[in-house]
Amino acid sequence: MKRLAALAAVALLTACAQPSTPSPTATSPARPVVFAAASLSTVFPTIAPAQYSFDGSSGLVDQLKGGARADVFASADKKNMDKAVEAGLIDGTPTMFATNALVLITPADNPAHVTGFDASLTGTKLVVCAAEVPCGAAAAKAAQANGLSLRPVSEETKVTDVLGKVSSGEADAGLVYATDAATAGAKVTVFQIASAKTDPNTYWIGVVAGAPNKAGAASFIATVMGEGQATLKAAGFGPPK
């Protein structure tokens, strides 16, 4: 009897030592795979958990065309979202979820003595986004509106790369979104562009056609359009228009 009692005690201790396994109903649904514009890389992770891939919007469209699997696509402009729709890459109708205005930035000490989005940019090491990227298209539109001819020394595929080159002092000036400039803080000096504020970039989001996790995609988009709006506003994004 003593032996049986000892064995029972050992069995009880062993059972108590085993880690608990949550029931299938208690597990969270799989996180969606979200392809999003680089300018969303700081704010989106604070809105909802997901498996993120951040890049220039045009590059993300190319990845989707090439067969990359994703559940959600968030573009920093309508042009690239339209390309995705026309290519049959989006299920349903995309939704505008935010706006963002282009600004001019220089390193904090402004070594080239730039005075704003004006002729003082002539001869400086100016960095912009490539024309196919939303921030590049916005830069071209702003230049036309202000009668400027921009001669950048470099064209980047992501707005975050422009920000990095200016904040590090590698470039004299750059064109980025207001939200990107805000993340750099005291590392940059910011000059507003009036025409960009009155005609900001629009941000769009949609479910990717054939999304492996449609339920997760729908939940993510609902969060962005719901409580996520306050987070976007706090990060400097404007509301949908």
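Preceding this paragraph is the structure being described.
Thresholds, definitions, all that
- Residues numbered from 1 in each chain as written.
- Predicted model: local features only at pLDDT ≥ 70, side-chain atom pairs only at ≥ 80, totals over all residues.
- Heavy atoms only, no water.
- Core = buried A, V, L, I, M, F, W, Y, C linked by side-chain atoms within 4.5 Å.
- Buried < 20%, exposed > 50% of the residue type's maximum accessible area, 1.4 Å probe, protein only.
- Helix = DSSP H or I, 4+ residues; strand = E, 2+ residues; numbered from the N terminus.
- Contact = heavy atoms within 4.5 Å.
- Disulfide = S-S within 2.5 Å.
- Phe/Tyr/Trp six-rings, centres within 6.5 Å; stacked < 30°, edge-to-face > 60°.

Undergrad: Help me out: how do you make sense of the nonpolar core in this one?
TA: Within soluble globular proteins, side chains that are nonpolar tend to cluster in buried spots. By size, the foremost hydrophobic cluster in this structure holds 58 residues, and its most contacted members are Leu40, Phe44, Phe97, Leu104, Ile205 and Phe220. Residue contributions to this core peak at five residues, all from helix α5 (residues 134–145). Setting aside residues no more than four positions away along its own chain, Phe220 makes contact with Pro32, Val34, Phe44, Ala48, Ala50, Tyr52, Val72 and Ile205. Val61, Ala70, Phe73 and Trp204 belong to the second-largest nonpolar core, a separate cluster that totals 13 residues.

Undergrad: I would appreciate a short explanation of the state of the cysteines in the present structure.
TA: By definition, a disulfide is the covalent link that joins the sulfur atoms of two cysteine residues. Counting across every chain of the model gives one disulfide. Here Cys129 engages in a disulfide with Cys135; their sulfurs sit 1.7 Å apart. Given an S-S torsion of about -95°, the disulfide between Cys129 and Cys135 has left-handed geometry. Exposure class is identical for Cys129 and Cys135. Each is buried.

Undergrad: I tried to follow the packing of aromatic side chains on my own but got confused; where do I start?
TA: Each aromatic ring pair is specified by the distance between its two centres and by the angle formed by the two planes. Across all of its chains, the model carries eight aromatic pairs by this definition. An angle of 45° between the planes, with centres 6.3 Å apart, marks the rings of Phe44 and Tyr52 as tilted. Accessibility expressed as a relative area gives 0% for Phe44, which makes it buried. By relative accessible area, which is 24% here, Tyr52 ends up partly exposed. For the ring pair Tyr203 and Phe237, a centre distance of 5.5 Å and an interplane angle of 85° mean the geometry is edge-to-face.

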